[in-house]
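Structural description and commentary
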Amino acid sequence: MRRRSDERGRALLDALLEGRPDPGLAARAASGLDLPEQGRYAVAVLRAGGGGPAAVAMEAEGLRFFRRERADREVVVVALGDRDQAALTALLVRCCQGPGGIGPVADGLAGLGAARRLAEVALLTCPPGTTEIVRLEERLPAALLVSQPELAARLVTDVFGPLLALAPADRALLVRTLEAWLECGGSAGRAAGRLYCHRNTVLNRLRRLERLTSRSLSRPRELIEMMLALDAFRMTAPQL
């Protein structure tokens, strides 16, 4: 009986995650999984499976969660209660193999399908070779890009075309300099400290990047184009 109950729970959870249009599905799943139909839920999608029981309720650090294996994905459904997503992210980083994406909080079991789809989008924003686990809210510009791959590829070509023609080591140096400058809030001095070089070296590299892309980092619209192109490039290029 326990085995049949677990199988029914797995089937109901899979149906929710697929977003099947069944008005009574959420209520049946709530009964079968012993969960409130209305509540705060999060869905995470991990690229590499971490093993463990499939869809059997487990608890860790006050969070109740279910794991479902796919061919090259693992879907984790978490009953958050009054906890925030930061607690979930910290737990997944410790106990699961990344990369992974976490969708927005779903208000009820009926929202698991949409949360799973958005978690998949968040996962796609993780660059190749990384093991990070990110929330969709942290990656909205990148999420827009991965949702339109043809436009993202066009953006990289239009903005970074001349940069892509450089030797790999030269290109990587300029990309890392731009990343450091952005992460340091546009401070060449702080970026220089991070890159272990002189401030003037950072400025010279940025000017060269501006010449190559025909865009100025001091013009807001062109800076936005550069930042979006950088996000798109990160998601498609190997780790530098």
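Residues numbered from 1 in each chain as written. Predicted model: local features only at pLDDT ≥ 70, side-chain atom pairs only at ≥ 80, totals over all residues. Heavy atoms only, no water.

Structural notes on the overall build of the chain
The number of helices and strands found in the chain is 10 helices and 7 strands. Along the first, second and third principal axes, the C-alpha set of the chain runs to 70 × 35 × 30 Å. Relative to its 240 residues, the chain shows a buried fraction of 45%. With the model as given, the accessible surface of the chain reaches about 12400 Å², and the carbon-plus-sulfur share is 53%. Charge-centre separation for the chain: the mean point of 34 positive side chains lies 4 Å from the mean point of 28 negative side chains. (Helix = DSSP H or I, 4+ residues; strand = E, 2+ residues; numbered from the N terminus. Buried < 20%, exposed > 50% of the residue type's maximum accessible area, 1.4 Å probe, protein only. Areas by Shrake-Rupley, 256 points an atom, 1.4 Å probe, with all protein chains shown as cover. Lys, Arg positive; Asp, Glu negative; His and termini not counted. Charge placed at Lys NZ, Arg CZ, Asp CG, Glu CD.)

Considering helix α4 (residues 112–124)
Between its first and last C-alpha atoms α4 spans 18 Å; for 13 residues at 1.5 Å apiece the expected length is 18 Å, and the two agree. Among the residues making up α4, those that are buried are L112, G113, A115, R116, A119, V121, A122 and L123. (Expected span 1.5 Å × (residues − 1).)

Some words on the packing of helix α5 (residues 140–147) against helix α10 (residues 220–236)
At a closest axis distance of 10 Å, the pairing of α5 and α10 adopts a crossing angle of 65°. In this structure, the crossing between α5 and α10 has a hand that is right-handed. Only L228, D231, A232 and M235 of α10 make contact with α5, whose side of the interface consists of P141, A142, L145 and V146. Across the contact of α5 with α10, the residue classes tally to 7 nonpolar, no polar and 1 charged. (Axes fitted to C-alpha atoms, helices over the stretch in contact; angles between N-to-C directions. Left-handed = near helix turned anticlockwise from the far one by under 90°. Contact = heavy atoms within 4.5 Å. Nonpolar A, V, L, I, M, F, W, Y, C, P; charged D, E, K, R; others polar.)

Examining the pattern of salt bridges
Two side chains carrying opposite charge are able to pair once their charged atoms lie near each other. All chains considered together, the criterion is met by 15 salt bridges. Close ionic contact of R68 with D14 constitutes a salt bridge, the shortest N to O distance being 2.8 Å. Linking R68 in strand β3 (residues 63–69) with D14 in helix α1 (residues 2–18), this pair joins segments that are 54 residues apart in sequence. Residue classification places R68 among the buried positions, given a relative accessible area of 11%. Here R194 makes a salt bridge to E183, at a shortest N to O gap of 2.6 Å. In this pair, R194 sits in helix α8 (residues 188–195) while E183 sits in helix α7 (residues 168–183), placing the two residues 11 residues apart along the sequence. (Salt bridge = Lys/Arg side-chain N within 4 Å of Asp/Glu carboxyl O.)

Purely geometric numbers; function is a separate question.
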